[in-house]
Amino acid sequence: MSRDDDRYLLDNRQAEAGTRFDALAELFDPSTFRHFDDLGLAAGWRVWEVGAGGPSVPRRLAERVGPTGRVLATDIDTSWLSDSAVLEVRRHDIGTDPVPAESFDVVHARLVLVHVADRAQALRTMVRALRPGGVLFLEDADPALQPLLCPDESGPEQELANRLRRGFRELLAARGADLGYGRKLPRLLREAGLTDVRADAYFPITSPACAVLEAATVRQVSASLLANGLATEEELTRHLAAVEAGRLDLATSPMISCWGRRPLD
Ligand SMILES: C[S@@+](CC[C@H](N)C(=O)[O-])C[C@H]1O[C@@H](n2cnc3c(N)ncnc32)[C@H](O)[C@@H]1O
């Protein structure tokens, strides 16, 4: 496979990124915030949202921690984020940049580490940013655990959808994404010295937001799929028509949510 460039495949500068962030928020924010609730997120907490992407999670976190709390939202591309009284936005590469000077009650990253080349360094940086007793809360997809876009492969449109999804995963893997990363999180958190490690998984089996996410994702990566011989123009057109007509039950990969606590010193 040719590597057409080394950038993050789903570049935030592309117009479809905003649509993808909205769909991710609709699909996964309820589960993410159920976990934050269980962790006891409350007024006054200091939270670092790593690889924030769109505004949904940082804004909601800022509302929850209130004026006595603080949210730091970082990303390699912060163009979809803006500061508020409680929320500070900063450009930061979790794989290479230093640990922030302050410490946090919780550090959260969703769908970020799977894309980072030096995932081990990123994990160390996030653990070091926790106050003693603070919680690292990581969420990452595990596409290898449930690889199908259409789990009910009932006809040619579903078969094409699943084939294009395999092509998309090849593109991600060629850029160094670990497609079986989600399942490793519990072990990695324990090896990082965290205690009370827990994990669970969630994924929608069908939802209008899955169709919105799929259409935006395909549009965003269509040039790479074509350049690497993973799809033809005709297949992409046919697939997008089926997605947009609502004829397919589209799922996502399982989202593994995993959390663990830094021991008290
Ligand atoms: C799939 S999006 C997920 C966005 C958001 N966390 C969510 O769940 O909706 C991945 C995000 O990670 C960011 N990202 C990729 N590599 C990164 C890195 N090395 N450091 C920080 N952010 C990174 C991307 O810019 C993008 O905003």
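Residues numbered from 1 in each chain as written. Predicted model: local features only at pLDDT ≥ 70, side-chain atom pairs only at ≥ 80, totals over all residues. Heavy atoms only, no water.

Enquirer: In this structure, what is going on with the confidence of the model for the chain? I would like to understand it.
Expert: Detailed conclusions should not be drawn from predicted coordinates in areas where pLDDT is low. Summing up the model confidence of the chain, the mean pLDDT is 94 and the portion of residues at 70 or higher is 95%. Here residues 1-6 scores under 50 on pLDDT; set against residues more than four positions off or in separate chains, the count is 12 contacts. (pLDDT = per-residue confidence, 0-100. Contact = heavy atoms within 4.5 Å.)

Enquirer: Which parts of the structure should I look at to understand the sheet that holds strand 7 (residues 255-261)?
Expert: Strand-to-strand pairing in sheets goes through backbone hydrogen bonds, with the strands running parallel or antiparallel. Judged by pairing direction, the sheet is mixed, and its 7 strands sit side by side in the order 3-2-1-4-5-7-6 without closing on themselves. With partners counted over all chains shown, the strands left at the sheet margins are strand 3 (87-91) and strand 6 (195-202), one partner each. When strand polarity is set aside, the average angle formed by the axes of neighbouring strands in this sheet is 15°. (Pairing = 2+ DSSP bridges. Helix = DSSP H or I, 4+ residues; strand = E, 2+ residues; numbered from the N terminus. Axes fitted to C-alpha atoms, helices over the stretch in contact; angles between N-to-C directions.)

Enquirer: I keep staring at the pattern of salt bridges and nothing clicks. Help me out?
Expert: Pairing between side chains of opposite charge can happen when their charged atoms approach one another. Summed over the entire model, instances satisfying the criterion amount to 17 salt bridges. Note that Asp37 and Arg64 form a salt bridge whose closest N and O atoms lie 2.7 Å from each other. Here the residue Asp37 occupies a position in helix 1 (residues 16-39), and Arg64 occupies one in helix 2 (residues 56-65), the gap between them amounting to 27 residues. When its relative accessible area of 42% is taken as the criterion, Asp37 is described as partly exposed. The partly exposed category is assigned to Arg64, whose relative accessible area is 32%. Residue Glu214 pairs with Arg165 through a salt bridge whose shortest N-O separation is 2.6 Å. Of this pair, Glu214 sits in helix 6 (residues 208-227) while Arg165 is found in helix 4 (residues 156-174), placing the two residues 49 residues apart along the sequence. We note that Glu214, like Arg165, is buried. (Salt bridge = Lys/Arg side-chain N within 4 Å of Asp/Glu carboxyl O. Buried < 20%, exposed > 50% of the residue type's maximum accessible area, 1.4 Å probe, protein only.)

Enquirer: Can you help me understand the packing of aromatic side chains in this one?
Expert: Within a pair of aromatic rings, the relevant descriptors are the distance that separates the centres and the angle that separates the planes. What the rule picks out here adds up to 6 aromatic pairs. With centroids separated by 6.5 Å and ring planes inclined at 90°, the aromatic side chains of Phe137 and Trp259 adopt a geometry described as edge-to-face. With Phe137 in strand 5 (residues 130-141) and Trp259 in strand 7, the pair connects residues that are 122 residues apart, well separated along the chain. Just as Phe137 is buried, Trp259 falls in that class too. An aromatic cluster of three or more residues is present, and its members are Phe33, Phe36, Phe137 and Trp259. Positioned above the aromatic ring of Tyr181 is the side chain of Arg119, whose terminal nitrogen or guanidinium carbon lies 5.5 Å from the ring centre. (Phe/Tyr/Trp six-rings, centres within 6.5 Å; stacked < 30°, edge-to-face > 60°. Lys NZ or Arg CZ within 6 Å of the ring centre and 35° of its normal.)

Enquirer: How should I be thinking about the state of the cysteines in this particular structure?
Expert: Think of a disulfide as a covalent bridge from one cysteine sulfur atom to another cysteine sulfur atom. For the structure shown, the criterion picks out 0 disulfides. With no disulfide of its own, Cys210 lies 10 Å from the sulfur of Cys150, the closest cysteine sulfur. (Disulfide = S-S within 2.5 Å.)

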